[in-house]
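Working through the structure, step by step
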Amino acid sequence: MSVTVREMHCSPEAVFGVLADAWVFPTWVVGASRMRDVDGAWPEVGSKLHHSFGLWPLVIDDRTEMVEWDPPRRAVMQPAGWPLGEARVEIDVKPRGSGCVVRLVEFAVRGPGRLVPSPVADALLSVRNRETLTRLAHIAEGREDNHEALVSGQEPDDVDEVQDR
């Protein structure tokens, strides 16, 4: 089980705004290469993202299902990329000062990925997930700093005007 933690200089709501915006998933998830489709109900429990991972031409179609959605505290997703198998990804967010702390836990739940020895899997996932949280932080912090919509689908008129600080 790989556990990665990062402090972010944004609100928990900003982090969940990025998680709710399915079309930016390949921007912050290391290894995801493109979006193919998004269930209209995303991020509700049971809804799915349809994406791919890998580098062209070695691309595997994947899907990620939302297992638990409790903004702005917790999201649990289950990506499936056969023939590699399925994983569980838990994202917990807690406020801290003027920002928040994000904890990402990932582990294999089905398929050949479960056969990889834990120290090896954890070492690989740790490197990947550090970069994943760095990308997530850049998007969430940037959106909040620029007073941009925190959830996709908001009209520009729904977003507060940028004010001088």
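Residues numbered from 1 in each chain as written. Predicted model: local features only at pLDDT ≥ 70, side-chain atom pairs only at ≥ 80, totals over all residues. Heavy atoms only, no water.

1. Quick look at the pairing of strand β6 (residues 85-96)
The following threshold applies: Here, a strand pair is defined by DSSP locating no fewer than two bridges between the strands. Going along the chain from the N terminus, every DSSP run of H or I of four or more residues is numbered as a helix, and every run of E of two or more is numbered as a strand.
Taken together, the 6 bridges between strand β5 (residues 74-81) and β6 define a ladder with antiparallel strand orientation. Within β6, the position partnered with R74 by the bridge is D92. The turn linking β5 back onto β6 is made up of 3 residues. Sheet analysis places β6 next to strand β7 (residues 99-110), joined by 11 bridges and oriented antiparallel. Along β7, the bridge assignment pairs D92 with R103. Count of turn residues in the β6/β7 antiparallel hairpin: 2 residues, of which G97 carries a positive phi of about 60°.

2. Remarks on the environment of A80
Operational definition: The buried label applies to any residue whose accessible area, calculated with a 1.4 Å probe on protein chains only, is under 20% of its type's maximum; exposed applies above 50%, and partly exposed to all values in between. Should any heavy atoms of two residues lie within 4.5 Å, those residues are counted as being in contact.
Of note, A80 is situated in strand β5. With a relative accessible area of 6%, A80 lands in the buried category. It is 8.8 Å that separates the C-alpha atoms of A80 and R110, two residues lying 30 residues apart in sequence. Residue contacts for A80: discarding those within four places in its chain leaves D62, R63, G85 and E86.

3. Concerning the packing of aromatic side chains
For any pair of aromatic rings, the description consists of the separation of the ring centres together with the inter-plane angle of the planes. Operational definition: Between 30 and 60 degrees the pair is tilted, below 30 it is stacked and above 60 it is edge-to-face, where a pair is any two Phe, Tyr or Trp rings, Trp via its six-membered ring, whose centres lie within 6.5 Å.
Summed over all chains, the structure comprises 2 aromatic pairs. Look at F25 and W28: their rings are 5.7 Å apart centre to centre, the planes differ by 75°, and that puts the pair in the edge-to-face class. Placement of the pair is F25 and W28 together in helix α2 (residues 25-28), with a separation of 3 residues, close to one helical turn. Here W28 falls in the buried class, since its relative accessible area comes to 4%.

4. Quick look at a nonpolar patch on the surface
Going by this rule: Exposure above 30% relative accessible area and no salt bridge define the residues that can form patches, which grow by joining like charges within 9 Å and nonpolar side chains of Val, Leu, Ile, Met, Phe, Trp and Tyr within 5 Å. In these tables, accessible area is a Shrake-Rupley quantity obtained with a 1.4 Å probe, and a residue counts as shielded only by the protein chains included in the view. Note on definitions: salt bridges are taken to be side-chain nitrogens of Lys or Arg within 4 Å of carboxyl oxygens of Asp or Glu.
On the surface, a cluster of nonpolar side chains totalling about 290 Å² of accessible area is made up of M1, V3 and V5. Relative to the elements of secondary structure, V3 occurs in strand β1 (residues 2-8).

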